[in-house]
Structure formats: C-alpha cells, structure tokens
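Residue-level structure breakdown
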Amino acid sequence: MGGVARARQIAQQTIDFFHEAVFAHHTEEEKDLFMIVLPKAEAGEEHERVRRLVDQLTAEHRDIEAQWRQLEPHLKKKAGSEKGKVLKGDAAEVDRAAIERLVRPYQQHARIEETEFLPLSAAILGRESADLAALGLSLHTRHVVRGARQGLCGS
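Focus: the overall build of the protein
Helix and strand counts for the protein stand at four helices and zero strands. For the protein, the sequential pattern of α-helices and β-strands runs α-α-α-α. Burial status across the protein gives 35% buried among its 155 residues. Summarising the internal contacts of the protein: among those between residues at least 6 apart in sequence, 74% fall at separations of at least 24. By element, 53% of the accessible surface of the protein is carried by carbon and sulfur atoms, the whole surface being about 9,000 Å².

Examining the packing of aromatic side chains
When we look at a pair of aromatic rings, we describe it by the centre distance and by the angle of the planes. Evaluation of the coordinates by the stated rule reveals four aromatic pairs. Between Phe-17 and Phe-18 the ring centres are 5.7 Å apart and the planes differ by 85 degrees, which places this aromatic pair in the edge-to-face class. Comparing Phe-17 with Phe-18, the two get one shared label, buried. Here Phe-18 and Phe-23 contribute two aromatic rings whose centre-to-centre distance is 6.3 Å and whose plane-to-plane angle is 65 degrees, an arrangement assigned as edge-to-face.

Thresholds applied
Residues numbered from 1 in each chain as written. Predicted model: local features only at pLDDT ≥ 70, side-chain atom pairs only at ≥ 80, totals over all residues. Heavy atoms only, no water. Helix = DSSP H or I, 4+ residues; strand = E, 2+ residues; numbered from the N terminus. Buried < 20%, exposed > 50% of the residue type's maximum accessible area, 1.4 Å probe, protein only. Contact = heavy atoms within 4.5 Å. Areas by Shrake-Rupley, 256 points an atom, 1.4 Å probe, with all protein chains shown as cover. Phe/Tyr/Trp six-rings, centres within 6.5 Å; stacked < 30°, edge-to-face > 60°.

Shape is all these values report; function is a separate question.
Below, the structure written as structure tokens:
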C-alpha cells in the first residue's frame, strides 16, 4: 500500500475510532457506569472519592472531545477548501503539538480509569453482585476494545 493510501486509511480509522468508540464510550460511562457506581458508594470518604473521580473523568472527556474537534478537520475532506485533507489524498499539516495535547491526556485518563476508577467500581458493585461488577467492566471496555481491533494498530 502506498504512502498516500496508507495515510488515508489511518485517517479514516482514526475518525471512525473517535466517533464509534471513544465518544460512545464516554457517553456510556457517564450515563450508565458513573450513575450506577455513585449511588452505591458508601456515604462519606468512599462517596466523595467516587464523586471526585466522576467529576474529573467527565471533565477529561470534554477536554479530549474538544482536542479531537481541533484535529478532525485536518483529516477530512472539506469542499472548497484550499488546504489539503488527508482523506482527500492531499498533503495536510497536522500540528504535532495538538496531537500531543490529545494523546498525553488521553493516556493519563485511561490510566486513572484503569488503576483507580475501575477497581473502586468493581469493589463497590461487587458488594451487591458479581453481575453488577461485570457490567461495569463490560461498559468500560466494549467500545475501546472494538475500536482498537478495527484499526488504530497502524497509526
């Protein structure tokens, strides 16, 4: 596969990943997982910890989404634009610093979810039933795993 074709493929896979996996993942976490875990947390310190994590992770979702909205137009074809777009097969300048502003916080966000929020959620939900703990993990991983399998391996 030639360089231009590969660049197009990676651009499309990245766009698909954000629209089909990342945004859906954020929505499911916020509407399902966070809203299941928070009321089940014990009053006091545990509840406050969950509240802080939910607030932090939600704010990070908005930041990641805003960073993506800054990058996405550089990957898409825009009618009448004199600037090149990767999907169109044109050369496009994508700001490396902008990519770093997306990637680094996203990696940190994932670490916090995996090392802090998910174990805490599993403990909280597991007090009621193993099924609820499994639901929490399933909601968290469903879209990210699918998106990774679909193609960000080459980007």
